[in-house]
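Summary of structural features
The lines below spell out each chain.
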Amino acid sequence: MIAYIEPYFLDNDAEAASAATAAGKSTDGVSESLNIQGEILCGGAAADIAGRDFGGMNCVKPLAVVRPVGPEDIAGAVKAALRSDKLTVAARGNGHSINGQAMAEGGLVVDMSTTAENHFEVGYLSGGDATAFVDVSGGALWEDVLKRCVSEYGLAPRSWTDYLGLTVGGTLSNAGVSGQAFRYGPQTSNVTELDVVTGNGDVVTCSEIENSELFFSVLGGLGQFGIITRARVLLQPAPDMVRWIRVVYTEFDEFTQDAEWLVSQKNESSFDYVEGFVFVNGADPVNGWPTVPLHPDHEFDPTRLPQSCGPVLYCLELGLHYRDSDSNSTIDKRVERLIGRLRFNEGLRFEVDLPYVDFLLRVKRSEEIAKENGTWETPHPWLNLFVSKRDIGDFNRTVFKELVKNGVNGPMLVYPLLRSRWDDRTSVVIPEEGEIFYIVALLRFVPPCAKVSSVEKMVAQNQEIVHWCVKNGIDYKLYLPHYKSQEEWIRHFGNRWSRFVDRKAMFDPMAILSPGQKIFNRSL
């Protein structure tokens, strides 16, 4: 259809916006046309879809939401913005940004959910090993990719995020990290080809050997260089079951040394999933002991803890894949061979066996509970960082044991990753030193009855942590970064800033894309 949309509306009333849109008039006499097959929403309807995100701390009014049929519609939106003086374009997946990264105030937001079913085809790479892959839409949810790959083909992607209600294009524009990343790298290391709509309005297929500069720019590129419309994701045979294990530590050094040992082993000599988290040494049901057991019949026995332990404790979380045909004794031997090397507190070990798909969807139940108690809709002032192995001990002493010793009303993740599994040609930046670095995630949930001041205090504490890192020379990088000044972005990218700027000039010279990141200003 042909739709006319305006650079600005006088107000956000849906009826007034609809009338203005139909008339093709705007307050400054400028009108832009979009020749697309999909749907365009303006005014209140657009704000309802794209005016807020999961973070819940930003509220902006987009000019319109474009619900594309395919990449040509997305290219049409970008080209319309290029013809204007001020319009910008942001791709929105499932709306799980925290700080408005997928918003476009007064601009066009592309709702990628309408393209979710555009691609799904399993194939095999040419070559001796015949590695399987699946072509999926950038707007597809990872949980849907998982279910279909496993149920129809007995295959599954190799690398995941913890929460799978995220879009393929969204996680690939950041990195995509979970407990498999120590072995396979982030999700950005597990794709071989992309279709991308650039900031020039071009629809381009790219890979490591074809249009490679665009390929590596877009991966981890924070949406600055293009919108991913298709991704070729590597697959492997899906196991049937997972033995899910949690073991508790009182000493951070022992916790990190054991975790580092596990992620440094060869594939057959370690678990298939390694994560960890910090929790409060107390009975708090949200932050403390009750968060560790994996089954309602399991109980955390605090008498197993030494009296000398501090305000927080540490949990190593492990997963071992196996087949239905594997005997219980074989699985037990594999587990005990690895567990026997670890120095966790005896009597504080919890484990369950569950289907592989259920394991990967383990956060789904937490989502359901959060929706039931209202915390899914409240603000989420989350903080995600990568911290070098060199500095993780200092981070523990200052942040975990002092600043957040009473918890954050949500998970406090910390576990090691391996630099060698990350491709430095992508746009992702990680700490400068060492093979091992840690991901730290403070995933705060705000009670529905909390005052605005409570959220402000959480945000202030996040800022305090970042300022402490800067002041003390901590080798760190924000993951899912958000800054308010270009100076901060320059510090974030360090010696890769010039490459980032060059890529921007090549693929989005007018700075049309992802204005919510606040890295570049729209060029006239």
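Structure: see above.
This report concerns the structure included in the present document.

Basis of the calculations
- Residues numbered from 1 in each chain as written.
- Predicted model: local features only at pLDDT ≥ 70, side-chain atom pairs only at ≥ 80, totals over all residues.
- Heavy atoms only, no water.
- Core = buried A, V, L, I, M, F, W, Y, C linked by side-chain atoms within 4.5 Å.
- Buried < 20%, exposed > 50% of the residue type's maximum accessible area, 1.4 Å probe, protein only.
- Helix = DSSP H or I, 4+ residues; strand = E, 2+ residues; numbered from the N terminus.
- Contact = heavy atoms within 4.5 Å.
- Pairing = 2+ DSSP bridges.
- Axes fitted to C-alpha atoms, helices over the stretch in contact; angles between N-to-C directions.
- Lys, Arg positive; Asp, Glu negative; His and termini not counted.
- Salt bridge = Lys/Arg side-chain N within 4 Å of Asp/Glu carboxyl O.
- Phe/Tyr/Trp six-rings, centres within 6.5 Å; stacked < 30°, edge-to-face > 60°.
- Lys NZ or Arg CZ within 6 Å of the ring centre and 35° of its normal.

**Considerations on the nonpolar core**
Counting 135 residues, the largest nonpolar core has Leu194, Phe300, Leu316 and Phe395 as its most contacted members. With 8 residues, strand E15 (residues 312–322) is the largest single contributor of residues to this core. Excluding residues within four positions of it along the chain, Phe300 makes contact with Val248, Phe279, Trp289, Val292, Pro293, Leu305, Leu313, Leu348 and Phe350. Leu34, Ala75, Ala80 and Leu87 belong to the second largest nonpolar core, which has 22 residues in total.

**Some remarks on the sheet that holds strand E17 (residues 383–388)**
Reading across from one edge, E16-E13-E15-E14-E18-E19-E17-E20 is the order of the 8 strands in this open sheet, with antiparallel pairing throughout. Single-partner strands in this sheet number two, and they are strand E16 (349–355) and strand E20 (476–478). Averaged over all adjacent pairs, the angle separating strand axes in this sheet is 20°, with direction ignored. As judged from the 3 bridges shared by E17 and E20, these two strands associate in the antiparallel manner. In the strand pairing of E20, Phe386 is matched with Lys477. Set on the sheet, helix H9 (residues 328–339) makes contact with strand E13 (241–249), E15 and E16; between it and E15 the angle comes to about 145°.

**Digging into the side chain of Asp73**
One can find Asp73 in helix H3 (residues 71–83). Despite its burial, Asp73 pairs with no opposite charge, the nearest such side chain being Arg67 at 11 Å.

**Observations regarding the packing of aromatic side chains**
Overall, the coordinates contain 31 aromatic pairs when judged by the stated rule. Ring plane angle 85° and centroid distance 5.1 Å describe the contact between Tyr483 and Trp489, whose orientation is recorded as edge-to-face. Residue classification places Tyr483 among the buried residues on the basis of a relative accessible area of 5%. Feature note: the residues Phe225, Tyr483, Trp489, Phe493, Trp497, Phe500 and Phe520 constitute an aromatic cluster, connected by ring pairs. The cationic tip of Arg362 hangs over the ring face of Phe359; the distance from NZ or CZ to the ring centre is 4.5 Å.

Purely spatial values, then, with no claim about function.
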